[in-house]
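Structural overview for review
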Amino acid sequence: MVSALHRKLLRELWHMRSQALAIAIVLGGGVATLVMSLSSLEALQITRDAFYRDYRFADVFVNLTRAPERLREAIEEIPGVQHVETRVVAGANLEVAGFDDPVTGLLQSLPDGRNAELNQLYLRSGRFPEGGAEVVLSEPFAEAHGLRAGDTFGAVINGRHQSLRVVGIALSPEHIYQIRPGDLFPDFERYGLIWMSRSQLAAAYDMEGAFNNVVLTLSREAREGDVIERLDALLAPYGTLGAIGRDDQLSHWYLQTELEQLEMMATVFPTIFLAVAAFLLNVVLTRLVGTQRDQIAILKAFGYSNFNVGLHYAQLVVLISLVGLTMGVAVGLWLGHHMAALYQTFFRFPYLEYQLRLNVVYIAVGVSLGAALLGAYSAVRAAQRLPPAEAMRPEAPPIFRATLLERLGLQRWLAQPSRMVLRNLERKPGKALLSIVGIAFACGILMVGRFQEGAIAHMIQVQFGLAQRDDLTVTFVEPTTPRVMHELAALPGVYGAEGHRIAPAVLRVAHREYRGAIQGLPPAGTLRRVLDAELVAVELPRAGLALGEYLADLLHVGIGDTVEVEFLEGRRIRAEVAVSAVIQEYIGASAYMDFDALHHLLREGPAVSGVHLAVDEPARPEVIRALQASPRVAGIADRGRAVESFYESMADIVLVFAFISTLLAGSIAFGVVYNSARIALAERARELASLRVLGFTRGEITYILVGELAVLTLAAIPLGFLIGLGLIAYIVQGVESDLYRVPMVVGTSVYAFAATVVIFASLVSAAVVARRLYRLDLVAVLKTRE
């Protein structure tokens, strides 16, 4: 049976339907963001865990130079080790028909004719290699080049050219994020994973009865740190670079970082949306209670309790929230599915277990209803505590006070409508401030969406325009004589060649340590430079380390402090080295030394690990062909093509994120401004009608109402810029890692875009309210009881 209060509730909801819809849209935006983030996060986590479990992703990974196969038994005897698999792993240069850019591949061995024991392959099509030149290709690389089972392509393996035949297409839990070491984002066209039979790969690299890579799983009670310590001691004579746990494995690290960013998004943005929705509900209900004082008094006089009255208004909040919840869950489900599919283009899962689970819905319902009821609490409480006798009397009119402008004697410079606008705002500063804050948050979210694109562009420009200015980077199989620089410089079309030395090392300061490498660069180099905080190229100090700002903060060191360096190759020398400079870089966490100083520290003669080349574009294909034919070349990186590939692959994610944030932030702006305008119209309808009777034109009374909205919007935009900068700083800090740091570079286009969208939303809201104002029934309004 429908009670009188229920009929009253439905009438009120219909009467304020446009305001309720605006609030529901803002609330729905928060719910959609929450559902999108949580459902995508959960889908990726569930899919990852299932893929790791079903295909036996390893716990510990080790690369080394060469070790006899008999050492496997000693590894298995380490306490805590559950299963061990030895492998042969090597780099290769690939040649794909119709593709002239340099292509690098990573070769990994498989047991002949079957799958691996650990890091098993998910075979999408075909079969496993049985020997000879048969290989299985990673699916992203195969798709990028249109390769399938039965096709062939060329490879330079240990200096010998070979034709390889594809017999299968697969994915691996070890390479969910298929990225070449040193790169920032995947480049499926120029980097591929290749699996071939152990006997074939071992024969190519003279590794019969030996291995240069080992992976292992641990028992549940094992302590990873203890196992790694014993493993490093056992493998130290065999050129190991040190064992790493799953958390430091490159693919898993990237994936975990992205999941943490999704988690942050699931916290920050819904909080803002729900806070604004709570504010709007508070304002609307406060105004509704104020205009229904006599109705509240009559209800209480007829025997309705304070609880019934409070429940009546709480039900209104719940109904509005349910509309927002329904929209938010539906939109969030759609966005979440598309977002998860978008992530799947980077994180190559063989399948994606996406579904909206009940726990996500429960969280969305609980958080949104809680925020809505909390926001409306003060208004509901005021309705409950209002005595009937007092409620029968109208509210006391506001006390007239001269405004600040009038006290300063500046009113003569303003027309009467403008003075009315400022007077009303000054009489209700709390309400005005809350409206300003709501619009400001919309502006801030818009800045976050627009900031990402510009910041990444700046990061790429600094890294590959100012710091790395080479065209090609050549990496050798092992350090070689600097004479090779002159050989490469003599190639037709090469007009610059600079060698570099990379020495894997562990940097320690007290209990803090970082496993990476020290790069030795020639003095006054022009193709690979280091930059200071102002992004000006500086010369490396003749002695000591130059650390990236992030690495220096990680180790808690500054200029003049000492770092213990343990080299992981050659004689594994340990030395104390002073920090001579702290530099700026956005990609990687690097340590640099002068070329000669690093050789001296390593106690070796001059040697280079690779060469940076400057190449004329017309000669580039010939230079690449010459490099691919060299047995000493392990890989060729084309920086220009890598940047192009990055922009192509990142365009979808950046545009989708910008579109979603723009749409949702626009809903906040519209919701706040529209509700403020409608409430102002309802509160001042009698006043505005009186002004019309007294001779004010429609344009003048419209100016009074819309002018107030304009002042609120213009006051909110500068505050929104500050909020946006705060949100951006929070996000920048959240995504900071040793792989990359997003620079906090906020261009004028970011501010202009955010302000334009907010102003547009305000203009639309003002137009809707102005239309209602033009249709105002003067007689009906003036008949209302004061």
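Relevant structure appears above.
Counting from 1, residues in each chain are numbered in the order their sequence is written. Predicted model: local features are reported for residues with pLDDT of at least 70 only, side-chain atom pairs are reported and counted for 80 or more only, and whole-chain, interface and lining totals are derived from all residues. The basis for every side-chain value is the complete set of non-hydrogen atoms in the structure, without hydrogens or water.

**Topic: unusual backbone geometry**
Basically, it comes down to this: Going along the chain from the N terminus, every DSSP run of H or I of four or more residues is numbered as a helix, and every run of E of two or more is numbered as a strand. Accessibility here uses a 1.4 Å probe with only protein chains present; expressed as a share of the type maximum, an area under 20% marks a residue as buried, one over 50% as exposed, and anything in between as partly exposed.
A positive phi is found at Asn119, a non-glycine position, where the angle reads about 50°. Mapped onto the elements, Asn119 comes out in the loop between β4 (99-110) and β5 (122-126). Since its relative accessible area comes to 4%, Asn119 is described here as buried. Phi is positive for Ala510, close to 55°, though the residue is something other than glycine. Since its relative accessible area comes to 71%, Ala510 is described here as exposed.

**What about the packing of aromatic side chains?**
Definition in use: Working definition: a ring pair exists when centres of Phe, Tyr or Trp rings (six-membered ring for Trp) sit within 6.5 Å. Plane angles under 30 degrees give stacked, over 60 give edge-to-face, the rest tilted. Our definition puts a charge over a ring when NZ of Lys or CZ of Arg is within 6 Å of the ring centre and also within 35 degrees of the ring normal.
The final tally for this structure, using the stated rule, is ten aromatic pairs. Taking the centre distance of 6.4 Å and the plane angle of 90° together, the rings of Trp253 and Tyr254 count as edge-to-face. Through pairs of rings, three or more aromatic residues link up here, namely Phe51, Tyr55, Tyr122 and Tyr351. Here Arg348 stacks its cationic end above the ring of Phe188, 5.6 Å away from the centre of that ring.

**Topic: the sheet that holds strand β10 (residues 210-218)**
For the record, the criterion: A pair of strands is labelled paired if DSSP reports no fewer than 2 bridges between them. Residues are treated as being in contact if the distance between any of their heavy atoms lies within 4.5 Å. Only the contacting stretch of a helix is used when fitting its axis, a line to C-alpha atoms as for every element, and angles between N-to-C directions run 0 to 180 degrees.
Judged by pairing direction, the sheet is antiparallel, and its four strands sit side by side in the order β2-β10-β1-β11 without closing on themselves. Only two strands of the sheet have a single neighbouring strand rather than two, namely β2 (81-87) and β11 (244-245). With two bridges connecting them, strand β1 (residues 60-68) and β11 associate as antiparallel partners. By the bridge assignment, Val60 is partnered in β11 with Gly245. Along the sheet face, helix α6 (residues 224-235) touches β1, β2, β10 and β11 and points at about 15° away from the line of β1.

**Brief notes about the pattern of salt bridges**
We apply this condition: For this analysis, a salt bridge means a side-chain nitrogen from Lys or Arg found within 4 Å of a carboxyl oxygen belonging to Asp or Glu.
Counted by the stated rule, this structure contains 26 salt bridges. As a salt-bridge pair, Arg48 and Asp49 come within 3.1 Å of each other at their nearest N and O atoms. Glu143 serves as the salt-bridge partner of Arg348, at 3.0 Å between the closest nitrogen and oxygen. Here Glu143 lies in helix α4 (residues 139-145) and Arg348 lies in the loop between α9 (306-344) and α10 (358-385), a separation of 205 residues in the sequence. Salt bridges sharing common partners tie together Arg508, Glu513, Glu564, Glu566 and Arg574.

**Observations concerning the packing of helix α2 (residues 17-54) against α10**
The angle between the axes and the distance between the axes are what describe a pair of packed helices. So the rule is basically this: To sort the angles, those under 35 degrees are grouped as roughly parallel, those over 145 as roughly antiparallel, those from 65 to 115 as roughly perpendicular, and the leftovers as oblique. Helix crossings fall into two classes, left-handed where the near helix is turned counterclockwise from the far one by less than a right angle and right-handed where it is turned clockwise.
Two numbers describe how α2 lies on α10: the axes approach to 10 Å, and their chain directions differ by 150°. Classified by the angle their axes make, α2 and α10 are roughly antiparallel. In this structure, α2 meets α10 at a crossing whose hand is right-handed. Mapping the contact onto sequence places Leu27, Val31, Leu34, Val35, Leu38 and Glu42 in α2 and Asn359, Val360, Ile363, Ala364, Val367 and Ser368 in α10.

**Things to note about the environment of Glu513**
Inclusion rule: Any pair of nitrogen or oxygen atoms within 3.5 Å is treated as a polar contact; in protein, a donor-acceptor pairing is required on top of that, and neighbouring residues in sequence qualify only through side-chain atoms on both sides.
With respect to the secondary-structure elements, Glu513 resides in strand β14 (residues 512-521). Residue class for Glu513 comes out partly exposed when judged on its relative accessible area of 46%. Separated by 41 residues in sequence, Glu513 and Leu554 place their C-alpha atoms 8.4 Å apart. Every residue in contact with Glu513, bar those within four places of it in the chain, is listed here: Val506, Leu507, Arg508 and Leu555. Of the polar contacts made by the side chain of Glu513, one reaches the side chain of Arg508; its length is 2.9 Å.

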